[in-house]
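What follows is each chain in one-letter form.
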Amino acid sequence: MSDAALPTEAPPGPTISIRPPGKWSSLRLGDLWEYRELLYFLTKRELQIRYKQSVFGISWAVLQPVVLAFIFALFFGLLAKVKSDSGPYPVFAMAGLVPWLFVAQSVAQSATSLVGDANLLTKIYFPRMVLPLGRVLALGIDLLVAIGVLFVVALIYGVTPSAAVALLPVFLLLAFVTAAGAGVLLSAVNVQYRDVTVVVPLAIQVWLFATPVIYASSLVSGNWQYLYAINPMVSVINGFRWALVDGPAPSIGTVAVSWASALALLVAGLVYFRRTEQFFADVI
Amino acid sequence: MSGSPVIEVNGVGKRYTLGQLHGGYKLLTDTLVERVRSFGRRSAARDEFWALEDVSFTVEQGETFGIIGHNGAGKSTMLKILSRVTPPTTGSIEMRGRVGALLEVGTGFHPELTGRENVYLNGAILGMRRAEIDRKFDEIVEFAEVERFIDTPVKRYSSGMQLRLAFAVAAHLEPEVLIIDEVLSVGDLAFQEKCLGRMETVASEGRTVLFVSHNLTAVSNLCERSMLLQGGRKITEGPTDVVLAEYTRSVIREVGTPLHDRRDRQGTGALRFEEISFQVDGVTIDSPATGSDFDVVVAYETADKRPLRNVSFAVQVLTLFGDVMLHLYTRTAGVLLHEIPGSGAVHCRIPRCPLPPGQYTITLWADQGGDPIDWIQRAAELTVREGDFYGSGQAQLPTHQSVLVDHSWSVEPYSGTTAGEAVRRDPSLT
């Protein structure tokens with residue numbers, strides 16, 4: 001009997017191989033690239049849902065830092081007389097609040113992202129990391145809008161950005177790395193330990209005081225700066241104030257410390273996520 | 001490369017620890033307490049459970065392959081492993097081509113988003129490219145019959161519309177391997193037909209379909225080859241009719257063990273079913289006839305032979321395919337057994353047996369205030385002989401029916417139903 005009449009070619013497409021997970025699996029970032037369109041649609045979903053049936057739409061992204069900046073200006077600037085190191089206190093506060101709100105909200109939202117989409121995890125395969133990353137990217141869109149507004153508010157107060165604005169991407173990226181690292185890590189821990197849902201909001205409050213949002217980072221002096229800069233948000237906010245509202249230049253040493261700690265956080269997050277990811281559907 | 005299978009499953013097993021089965025997540029403090037408690041001790045043998053053990057099979061290109069088995073046989077676990085939702089504990093799987101899993105219709109639909117937005121999001125979740133969705137968008141909307149509402153948020157859709165849209169997206173996914181779990185049991189009949197038609201098209205296009213169901217009728221209609229799972233193991237694999245025959249045989253074989261020796265019981269054990277028989281007027285018979293009165297008699301013993309209070313009994317009659325025909329329960333029948341002796345026999349009388357001739361199985365249940373104390377599934381086989389249900393002298397009953405009821409016939413003049421409506425009369429009847 002001849003095989004000629006039968007389709008003999010193996011079907012096209014990739015071969016998928018399923019095996020028991022090893023202790024150390026690769027980070028499989030290529031997998032994430034494969035599903036980049038899903039990441040795009042999930043990011044879009046976040047934005048669409050957030051602003052559906054809301055009158056002000058995307059302008060909430062603008063209003064939030066503006067309103068908070070003026071409240072901070074009233075209580076900390078006017079009443080408590082906290083010193084600004086870059087322009088009038090409202091501008092100073094807003095330059096800190098814009099990146100802070102992005103990172104704080106990213107961490108809070110991505111921490112609950114896997115648990116929130118549990119029905120997806122138990123039904124369909126896709127790289128699970130798109131869920132926390134989608135939250136971070138959606139808030140990143142808000143961040144870009146908010147930076148534009150910060151620019152305008154600063155101009156109104158007569159503060160213009162210095163040439164350092166060219167280095168803004170360095171600090172923008174640092175903010176993303178920090179948000180993604182903490183978000184990815186906490187989302188995976190949350191699958192196993194629901195304590196995270198409760199602890200994260202509290203931890204963010206504490207983190208706020210360890211970050212120069214309300215006060216200027218010059219409050220911490222000498223070699224303590226390097227310890228302080230282990231919190232990557234220190235350099236993010238110093239960088240934002242330097243680039244956008246004419247604040248003092250941060251030292252290269254502290255920025256390097258912050259970058260190292262943010263990258264360490266990201267790697268820890270990716271490794272932990274990949275190691276536990278395969279069991280999400282069994283545990284969640 | 002001739003004849004290389006599209007799916008190759010080799011010795012796949014999946015172990016769960018029992019904690020994982022009942023909500024796996026925990027609080028960090030619990031884990032810490034556990035660690036401290038077990039410090040210095042050897043870690044206690046955790047309760048483990050193999051949902052699947054050493055299962056191997058292959059599926060060729062263009063085949064429609066069915067996986068059947070009772071609840072808890074490991075079907076869903078197998079599907080979850082194949083669709084990469086959960087990893088196997090042992091073994092390996094090779095699949096050639098893109099795999100699309102259709103495990104539950106509408107997973108990932110968001111109520112606030114419009115139909116259009118959901119089609120794109122759901123398509124992306126299922127693994128479709130944006131260009132692909134663009135290309136098939138009109139076809140999807142047409143298949144779902146929701147053209148007018150495509151820009152309305154899905155939360156305003158009826159559940160039927162949501163379902164149609166969700167299935168339409170999934171049905172237009174064109175993977176080389178399509179995995180389907182019980183999706184056909186939903187939706188209205190017309191739409192089910194449409195879905196079945198679509199699945200046949202998919203299969204005829206040379207794609208491979210893996211179909212998991214406990215609806216044996218659907219499996220036998222759709223699948224050329226099937227595999228039978230039982231207790232996490234593969235019992236047999238082959239042409240679907242052969243596998244289905246084995247399935248019914250396995251049900252009967254299981255039933256063959258005397259009740260006293262059955263170990264597959266659940267419940268606290270405060271009471272044990274010891275023996276089951278069928279009786280007519282106190283005389284034991286093998287098989288009652290359709291339309292005859294008979295008793296299901298179940299002998300039991302309580303632990304320590306002490307009387308028990310507040311016990312309820314149930315007798316279920318099922319078809320060999322597992323559909324429940326009768327569920328007879330003392331509590332719902334309004335029978336209160338305040339106290340039963342330490343050993344005895346429960347009689348459940350079924351007057352004028354309403355079951356057509358055939359083979360059935362019986363499941364026994366006893367509970368104390370709602371908590372099961374003994375429960376044996378497929379405890380006995382019940383063969384119903386032909387009989388004269390209607391007392392008409394015609395023991396030969398029409399086929400294709402699952403229950404017999406008393407009824408009467410008459411032919412009368414038709415006098416309309418609504419006031420004001422013209423009354424039509426058939427002259428031949430008046």
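Residues numbered from 1 in each chain as written. Chains lettered and ligands numbered in written order. Predicted model: local features only at pLDDT ≥ 70, side-chain atom pairs only at ≥ 80, totals over all residues.

Helix and strand content of chain B: nine helices and 20 strands. For chain B, the residues scored as buried account for 36% of the 430 residues in total. Summarising the internal contacts of chain B: among those between residues at least 6 apart in sequence, 72% fall at separations of at least 24. (Helix = DSSP H or I, 4+ residues; strand = E, 2+ residues; numbered from the N terminus. Buried ≥ 20, exposed ≤ 12 C-beta atoms within 10 Å, placed from the backbone. Contact = placed C-beta atoms within 7 Å.)

Our focus in this paragraph is the domain arrangement of chain B. Taken domain by domain, chain B comprises domain 1 (7-29 + 45-249) and domain 2 (259-384). For domain 1 of chain B and domain 2 of chain B, the distance between their C-alpha centres works out to 37 Å. (Domains from an automatic or database assignment.)

Our next topic: the packing of helix α2 (residues 36-51) of chain A against helix α7 (residues 130-156) of chain A. Residue and element names in this part refer to chain A. Their axes nearest at 8 Å, the elements α2 and α7 cross at an angle of 55°. Between α2 and α7, the angle is such that the two are oblique. Relative to α7, the crossing made by α2 is right-handed. For the pair α2 and α7, the contacting residues are Leu38, Leu39, Leu42, Thr43, Glu46 and Leu47 in the first and Val130, Leu131, Leu133, Gly134, Arg135, Leu137, Ala138 and Ile141 in the second. When grouped by side-chain class, the residues that make up the contact of α2 with α7 number ten nonpolar, two polar and two charged. (Axes fitted to C-alpha atoms, helices over the stretch in contact; angles between N-to-C directions. Parallel < 35°, antiparallel > 145°, perpendicular 65-115°, else oblique. Left-handed = near helix turned anticlockwise from the far one by under 90°. Nonpolar A, V, L, I, M, F, W, Y, C, P; charged D, E, K, R; others polar.)

All names here are of chain B. In a regular helix each residue adds 1.5 Å, so 13 residues correspond to 18 Å; helix α6 (residues 159-171) covers 18 Å between its end C-alpha atoms and thus fits that length. The element α6 is extensively covered by neighbouring structure, given that ten of its 13 residues are classed as buried. Considered for burial, the residues of α6 that qualify are Gln162, Leu163, Arg164, Leu165, Ala166, Phe167, Ala168, Val169, Ala170 and Ala171. (Expected span 1.5 Å × (residues − 1).)

The next thing to look at is the sheet that holds strand β15 (residues 311-319) of chain B. All names here are of chain B. Read across the open sheet, the five strands follow the order β10-β20-β19-β15-β16; overall the sheet is antiparallel. Each edge of the open sheet carries a strand with a single partner, namely β10 (265-266) and β16 (324-329). Here ten bridges tie strand β19 (residues 358-368) to strand β20 (residues 371-384), and the two strands are oriented antiparallel to one another. The partner of Leu364 across the bridge, within β20, is Ile376. (Pairing = 2+ DSSP bridges.)

Quick look at the environment of Ala268(A) now. Secondary-structure assignment places Ala268(A) in helix α12 (residues 252-277). Judged by local crowding, Ala268(A) falls into the partly exposed class, with 14 C-beta atoms found within 10 Å.

So, about helix α4 (residues 89-111) of chain A. Along its 23 residues, α4(A) runs 32 Å from first to last C-alpha, staying within 8% of the 33 Å computed at 1.5 Å per residue. In α4(A), a bend of some 25° at Leu97(A) exceeds every other bend along the element, and Pro99(A), a proline, comes one to four places later. (Bend = angle between axes of the 7 residues up to and from the residue.)

So, on to the environment of Ala154(A). Residues and elements named next belong to chain A. The residue Ala154 is located in helix α7 in this model. In this structure, the C-alpha to C-alpha distance between Ala154 and Ala95, residues 59 residues apart in sequence, is 9.0 Å. Residues within four places of Ala154 in sequence aside, it is in contact with Val91, Val159, Leu244 and Val245.

Okay, the pairing of strand β6 (residues 177-181) of chain B next. All names here are of chain B. Among the five residues of β6, five are classified as buried, and the element is accordingly described as predominantly covered. Sheet topology note: the β6/strand β7 (residues 208-212) ladder contains five bridges and is parallel. When the bridges of β7 are listed, Ile180 appears paired with Phe211.

Considering every residue of chain A, the mean pLDDT works out to 86; 91% of them sit at 70 or more. Of the regions scoring below 50 in pLDDT, residues 1-11 of chain A engages in 14 contacts with residues more than four places distant in sequence or in other chains. (pLDDT = per-residue confidence, 0-100.)

Below, the discussion takes up unusual backbone geometry. Residues and elements named next belong to chain B. Positive phi, normally seen in glycine, also occurs at Arg352, with a value near 45°. Tracing the backbone through its elements, the reader meets Arg352 in the loop between β18 (343-350) and β19. Positive phi is not limited to glycine here, since Arg378 has a value of about 50°. The topology assignment puts Arg378 in strand β20. Judged by the 23 C-beta atoms lying within 10 Å of it, Arg378 falls in the buried class.

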